[in-house]
Amino acid sequence: MGTGQTWAPDAATIERLAEQAIARLPAKFRRHLTNVVLRIEDFADDAVLDQLGIEDPFELSGLYTGRPVSEETNWASGELPPMVHLYRRPLLDEWVETGVALEDLITHVIVHEIGHHFGFSDADMHRLEDQA
């Protein structure tokens, strides 16, 4: 009888893997992440999907919301802190479909969303990934 995992990782497991990915980032980046909130949800809500023009909730595995670090000193009263949202069900689907290790997939999404915290656009990050 096999001893491998036979159930989908829960939100706490995804959060633990995300925190481990953040802990592996260089200190010069981590020190700017102390105010960033990590949220694990099954899916993005309908309003977020509508705002982004996404019809299939499985197409969004992560999202950064908030101001980039260069604008943090200008927070308005009552403004939410910057957040990295990880969407568990799309992550799990991508994990199963691609065969990429879940830890590697979560690390990739975390790095991408944190890139937005530092003001990088999707195009900037794709160029950096292509050069790497």
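Provided above is the structure to which this section pertains.
Read on for an overview of the structure.

Thresholds, definitions, all that
- Residues numbered from 1 in each chain as written.
- Predicted model: local features only at pLDDT ≥ 70, side-chain atom pairs only at ≥ 80, totals over all residues.
- Heavy atoms only, no water.
- Helix = DSSP H or I, 4+ residues; strand = E, 2+ residues; numbered from the N terminus.
- Polar contact = N/O pair within 3.5 Å; in protein donor to acceptor, adjacent residues only side chain to side chain.
- Core = buried A, V, L, I, M, F, W, Y, C linked by side-chain atoms within 4.5 Å.
- Buried < 20%, exposed > 50% of the residue type's maximum accessible area, 1.4 Å probe, protein only.
- Contact = heavy atoms within 4.5 Å.
- Expected span 1.5 Å × (residues − 1).
- Arc of directions from axis to C-beta.
- Phe/Tyr/Trp six-rings, centres within 6.5 Å; stacked < 30°, edge-to-face > 60°.
- Pairing = 2+ DSSP bridges.

1. Thoughts on the side chain of H85
Line of reasoning, step 1. The residue H85 is located in strand β3 (residues 83-87) in this model.
Line of reasoning, step 2. Within the structure, the side chain of H85 is placed 2.9 Å from the side chain of T65, a separation counted as a polar contact.

2. Focus: the nonpolar core
Line of reasoning, step 1. Grouped together as the largest cluster of nonpolar side chains are 20 residues, with contacts concentrated most on I14, L38, V84, L86, L91, I106 and I110.
Line of reasoning, step 2. Sorting the residues of this core by element identifies α1 (11-23), β1 (37-41), β3, α4 (88-98) and α5 (102-117) as the ones contributing at least two each.
Line of reasoning, step 3. Ranked by residues supplied to this core, first place goes to α5 with six residues.
Line of reasoning, step 4. Excluding residues that lie within four positions of it along the chain, V84 makes contacts with V36, V37, L38, R39, L63, Y64, I110, E113 and I114.
Line of reasoning, step 5. Within the second largest apolar cluster, seven residues are counted, among which are A44, I54, L60 and L63.

3. Some remarks on α1
The periodicity of an α-helix, 3.6 residues per turn, causes residues three or four positions apart to be oriented the same way.
Line of reasoning, step 1. In a regular helix each residue adds 1.5 Å, so 13 residues correspond to 18 Å; α1 covers 18 Å between its end C-alpha atoms and thus fits that length.
Line of reasoning, step 2. Taken together, the buried positions of α1 are occupied by I14, L17, A18 and A21. Around the axis of α1, the buried residues are gathered within 100 degrees of arc, so they sit on the same side. Residues of α1 that are exposed and angled more than 90 degrees away from the buried face: A12 and A23.
Line of reasoning, step 3. Summarising the contacts, the buried residues of α1 are in contact with β1, β3, α4 and α5.

4. What to know about the packing of aromatic side chains
Line of reasoning, step 1. One pass over the full model with this rule turns up two aromatic pairs.
Line of reasoning, step 2. Relative to F118, the ring of F29 lies with its centre 5.3 Å away and its plane at 80 degrees, an arrangement referred to as edge-to-face. Of this pair, F29 sits in helix α2 (residues 27-30) while F118 sits in the loop between α5 and α6 (122-131), and the two are 89 residues apart along the sequence.
Line of reasoning, step 3. Judged by relative accessible area, which is 32%, F29 ranks as partly exposed.
Line of reasoning, step 4. Taking the centre distance of 4.9 Å and the plane angle of 85 degrees together, the rings of F43 and F58 count as edge-to-face. Placement of the pair is F43 in the loop between β1 and α3 (46-52) and F58 in the loop between α3 and β2 (62-65), with a sequence separation of 15 residues.
Line of reasoning, step 5. On the basis of relative accessible area, F43 is assigned to the partly exposed category, the value being 26%.
Line of reasoning, step 6. Residue classification places F58 among the partly exposed positions, given a relative accessible area of 32%.

5. Here we look at the pairing of β3
Side-chain positions along a regular strand alternate between the two faces of the sheet.
Line of reasoning, step 1. The element β3 is largely enclosed, with a buried count of five among its five residues.
Line of reasoning, step 2. In β3, alternate side chains face the same way, and those of M83, H85 and Y87 on one face and V84 and L86 on the other are all buried.
Line of reasoning, step 3. Examined bridge by bridge, β2 and β3 share four bridges and lie antiparallel to one another. Of the residues in β3, the one forming a bridge with T65 is M83.

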